[in-house]
Amino acid sequence: MSTTAPQADSTPKPSSGLLGGLADWFDDRTGYRALVHEALYERVPGGARWRYVWGSCLVFAFMTQVITGLVLWASYSASAQTAWESVYYIQHEMAGGWLLRGIHHVMAQAMVVLLALHLMQVVIDGAYRAPREVNFWLGLILMQLVLGMALTGYLLPWDQKGYWATRVATNLAGLVPLVGPSLQQLVVGGPDYGHHTLTRFFALHAGFLPATLVGFLVLHLTLFRKHGLHAKQPITKPDAMFWPDQVLKDAVAMLAVMAVVLGVILMPALRAMLAGEPIVTGHLGAELGAPADPSQPYAAARPEWYFLFLFQFLKVFEGWGASGEFLGAIVVPGLTLGLMFLMPIIGRWKLGHRFNVAFTLAILAGAGLLTAMALHEDYYALWADKTAYADVEELLKKTGGDEQQLAAALGNDEAKLAEFEKRRHEYEAIRKSEAFLVAVKQAKADAERAVDLAGRPEKIPPAGALSLVRSDPLSQGPLLFAQHCASCHAHIDPAKPEAAAIFAQASAANLFEFGGLVWARGLLDPEQVAGPAYFGNTAHSDGDMVSFVTDELSDPDLWKPDEVEAVIVALAAEAELPTGGASADLVAKGRGLMADTDRCGSCHAYADNETELGYAPDLNGWGSREWLVGIITDPTHQRFYPEDNDRMPSFGVGSNGGPPTLTEDQIGLIADWLRGSWYRPAGH
Amino acid sequence: MSEHTKADPATEGRRGFITKALAICCGGLATLTPVGAAIWAVLDPLRRTAGAGSFLRVADLANLPDDGQPRQFPVITDRVDAWTGYDAEPIGAVYVKREKGSDTVEALSATCPHAGCFVEMDKESKCFRCPCHNSAFTLDGGIVAPSPSPRPMDSLECQIDKSGSILVKWQNFYTGIEEKVARP
């Protein structure tokens, strides 16, 4: 403190009154007045300026993180079965939890921006030069600590986003020569990601890093006060005191930062309000993805936006293998940081200072450019016109991408081939972006579903939210269907315009709302039964059922229309699906026709009609969960198609004593999903 | 600020006051935002209640001998702990006894009314004893003086349903006070 305000009178005067007396007593024992005076009456050469506010804003942002972080800590539970769950509870069930978490999340991002501004101001003003070199280095260390906290905090919700981003980050740490694999294992807390990854990251995020940061911050501020504020030259105005002139500017800037943070959090609420939609506070502030699942791909994985430039930078080294990644993720950033540490020495020369400024601006501009490139690549499909590349798509489809065939198709013309390659590249970029956007949309749907499930009255089972998602027909059904059923069966609403094209490619019945009224009506429709949505593409296309529907059922002399309708509702009733308000009499009439050995019952076993099983599928409980589980488990069972099963595998029966393709639970999930039987939150 | 410059002290003093007031307001407002959010969230547990006491099945009347001897039964029910829902979990214990020839029962909560410890049955001395501060109670739940407990053991309402199950109204009471007051 070589520059304490000489004019300010710091000798305490005896105060009057009880409060004054108390203050005197306290000052005698602590000397607090001198401390406050020391803190507030710092000379600001050339007067208060807006460009000095960034340091104070960073301290303010850090204090905000400490306050919100401590309270988040009071509700957070770091383990693989409770991290997502406790964050869900904070975000969706705790009063004000969404605001608390939102402030913590958005302020973390504001801190990164403030860091960049502070650094820029210090470098441009040359504030790093003698005698402030050490303080500049302390600042660079603080910057890394803040980035470290950002990186570790990202994992703590244990959602898909944080989980996969952390896997990438820790795998990159494993690229460090010699110690890499051990380093990675230490950070991860073992050979695999789990409880100890969370406890370690949490200890780093809430203990080690902030404690270290406070230590360095104290040093940083002490040195700042020791050398005084580095004034922007030339000084044109008279000096002022830190209090209240600079404090006012700092306070206004802090308030502005907080306003921006709140603005980011509340913007969706405002938008919903203007659109007249209800505001769901759980959707405000920080996102919470679906629970981390190492068994599910997560194509929407991206680091937080302030690390996007590194992510994009790594793409430069694509094709270089591990050494390229090492170069891009560790060597180049390391060298850049090393050079920044040398700035105070380089800056001793006038040209050196100019270099430093140019270098800092270039780094920031480069990072900005890389971020823009990353965003452009990801969201390209939003504005690119894919139809302009229809010819490329067609040619690729025709040739299967084979180089020689392509060359031949383009007449072996070098120029044409080069032009095609260029356009093919652009086409691939659109497709990549499309895939990313689909993944983002899916991730959002998965996240919403997980939150819906967690909000059930029964709450989350002790095994965690992932077990809920894994036993949810709506989440798992489409995945299992795509994997095991969709190679033959379609699953699409026949009313959709693209349905016809999908039916044409399928080689078995469309299972959309199987067993329901619409499905049953189509089955008994002479126009549809032999179509591709039913038996058309199967071995049963000329079977007895098809000829029965086309020949007999369509004959009003044999089957009155209300009789057909009765069978349709009886089938839906048998499947335990909605019957569209059909009367009990109609259902009973349909059931009678189903059992009648002159009607359906001549082939199908139903009720007590004594028709033998084996010739046609059992109509008892037709389309019900139990029936569906049965046919998926073993379609060659006596109840279904013991003689003429058409290609359908017995998913629940292991061959040669091995395990079956699908477990009982998985088959149940498929059946429940087909039947539309899953948890629906109230109000949906 | 008036002491640092030579401007008119009155104007300067007013300007200084406004600057200081504004600085405190802006800084205060900025700081109070996270503090407010933090307080809001910290107070969340006050919104939560245990729910009204409900009758839970603890045993079958047929399995409880009518010898006037209290027996300990776990109280089992579904339980929600913040985000986790547990199916059929023991959440506490009761002592239930049946007098000779009676087809009704009496139940006592195993929670000590003094400080909430688990009261054990001392079969040798034929009394209940709390291991924490040595409160002792008779087998009817009455205080054995001198005792740190301000009131007898808490009796719980009982019912016998049609199937012969003993149902006990499970409630927690405030401890350390003379009156028996159920927690909300």
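Procedures and definitions
Residues numbered from 1 in each chain as written. Chains lettered and ligands numbered in written order. Predicted model: local features only at pLDDT ≥ 70, side-chain atom pairs only at ≥ 80, totals over all residues. Heavy atoms only, no water. Helix = DSSP H or I, 4+ residues; strand = E, 2+ residues; numbered from the N terminus. Rg over C-alpha atoms; globule rule 2.2 N^0.38 Å. Buried < 20%, exposed > 50% of the residue type's maximum accessible area, 1.4 Å probe, protein only. Contact = heavy atoms within 4.5 Å. Areas by Shrake-Rupley, 256 points an atom, 1.4 Å probe, with all protein chains shown as cover. Lys, Arg positive; Asp, Glu negative; His and termini not counted. Charge placed at Lys NZ, Arg CZ, Asp CG, Glu CD. Buried area = accessible area lost by both parts, 1.4 Å probe. Salt bridge = Lys/Arg side-chain N within 4 Å of Asp/Glu carboxyl O. Polar contact = N/O pair within 3.5 Å; in protein donor to acceptor, adjacent residues only side chain to side chain. Nonpolar A, V, L, I, M, F, W, Y, C, P; charged D, E, K, R; others polar. Domains from an automatic or database assignment. Disulfide = S-S within 2.5 Å. Pairing = 2+ DSSP bridges. Axes fitted to C-alpha atoms, helices over the stretch in contact; angles between N-to-C directions. Patch = residues over 30% accessible without salt bridge, like charges linked within 9 Å, V, L, I, M, F, W, Y side chains within 5 Å.

*Asks:* Give a description of the overall build of chain B that names residues and reports values.
*Replies:* Within chain B, the regular secondary structure consists of 1 helix and 10 strands. The C-alpha radius of gyration of chain B comes to 29 Å, more than 25% above the 16 Å expected for a compact globule of 184 residues. For chain B, the spread of C-alpha atoms along the three principal axes comes to 100 × 40 × 20 Å. A burial count over chain B gives 35% of its 184 residues as buried. Considering only contacts in chain B between residues 6 or more positions apart, those separated by 24 or more positions represent 46%. Surface summary for chain B: the accessible area is close to 10600 Å², and the carbon and sulfur share equals 55%.

*Asks:* Quick one: what's the story with the overall build of chain A, residue by residue and with numbers?
*Replies:* When its secondary structure is counted, chain A shows 25 helices and 4 strands. In summary, chain A has a C-alpha radius of gyration of 35 Å against a globular reference of 26 Å for 684 residues, an excess of more than 25%. Judged by the C-alpha coordinates and their principal axes, chain A covers about 115 × 80 × 50 Å. Burial analysis of chain A (684 residues in total) assigns 46% to the buried set. Contacts in chain A between residues far apart in sequence, at least 24 positions, make up 65% of those at least 6 positions apart. For chain A, the exposed area adds up to about 34500 Å²; of that, 62% sits on carbon and sulfur atoms. Counting 49 positive and 72 negative side-chain charges, chain A places the centres of these two groups 18 Å from one another.

*Asks:* How would you sum up the interface of chain B and chain A? Please name residues and give values.
*Replies:* Counting residues at the interface gives 32 residues for chain B and 38 residues for chain A. Buried surface at the junction of chain B and chain A, both sides included, amounts to about 3000 Å², of which 78% is carbon and sulfur. One can count 1 salt bridge joining chain B with chain A. Joining chain B to chain A, the criterion identifies 6 residue pairs in polar contact (both at pLDDT 80 or more). Listing elements by their share of the side of chain B that touches chain A, those giving two or more residues are helix H1 (9-42) and strand E3 (84-97) of chain B. Ranked by residue count, the leading element in the side of chain B that touches chain A is H1(B), at 20 residues. Residue composition of the side of chain B that touches chain A, by class: 18 nonpolar, 8 polar and 6 charged.

*Asks:* Explain the domain arrangement of chain A to me, using residue names and the numbers behind them.
*Replies:* All names here are of chain A. Assigned domains of chain A: these are domain 1 (51-297), domain 2 (302-382), domain 3 (386-446) and domain 4 (471-674). Averaged C-alpha coordinates put domain 2 and domain 3 at centres separated by 30 Å. At the junction of the two partners, domain 2 supplies 7 residues and domain 3 supplies 7 residues. Counting each side, the surface lost to burial between domain 2 and domain 3 is near 620 Å², with a carbon and sulfur contribution of 73%.

*Asks:* Summarise the state of the cysteines; cite the residues concerned and give the values.
*Replies:* Evaluation of the coordinates by the stated rule reveals 1 disulfide over all chains. For B:Cys117, the disulfide goes to B:Cys132, at an S-S distance of 1.9 Å. Measuring handedness by torsion sign, the sulfur bridge of B:Cys117 and B:Cys132 sits at about -100° and is left-handed. Of this pair, B:Cys117 sits in the loop between strand E4 (106-109) and strand E5 (120-122) while B:Cys132 sits in the loop between strand E6 (127-129) and strand E7 (136-137), and the two are 15 residues apart along the sequence. Classification of B:Cys132 as partly exposed rests on a relative accessible area of 38%. Just so you know, A:Cys57 is unpaired, no disulfide at all, and the nearest cysteine sulfur is the one on B:Cys26, 12 Å from it. Here B:Cys112 is not cross-linked by a disulfide; its sulfur's nearest cysteine counterpart is in B:Cys130, at 3.9 Å.

*Asks:* Would you mind going over the sheet that holds strand E9 (residues 158-160) of chain B in detail, with residue names and values included?
*Replies:* All names here are of chain B. Pairing in this open sheet of 3 strands is antiparallel, and the strands run E1-E10-E9 from one edge to the other. Every interior strand has two partners, whereas the edge strands, strand E1 (54-60) and E9, have only one. Strand-to-strand twist of the sheet, defined as the mean angle between neighbouring strand axes without regard to direction, takes the value 30°. Bridge count for E9 against strand E10 (residues 165-170) is 3 bridges, and the pairing is antiparallel. Within the sheet, the bridge partner assigned to Ile160 lies in E10 and is Ile166.

*Asks:* Explain a nonpolar patch on the surface residue by residue, including any values.
*Replies:* The grouping of A:Leu18, A:Leu19, A:Leu22, A:Trp25 and A:Phe26 at the surface amounts to a nonpolar patch, some 620 Å² of accessible area in total. Structurally, the position occupied by A:Phe26 is in helix H1 (residues 17-30).

*Asks:* I'd like a rundown of the sheet that holds E7(B), residues and numbers included.
*Replies:* Consider a sheet: its strands pair through backbone hydrogen bonds, and that pairing is either parallel or antiparallel. All names here are of chain B. One open sheet holds the 3 strands; their spatial order is E5-E6-E7, and the pairing between them is antiparallel. Each edge of the open sheet carries a strand with a single partner, namely E5 and E7. One ladder, built from 3 bridges, connects E5 with E6; its direction is antiparallel. Looking at the pairing, Met121 lines up with Phe128 of E6.

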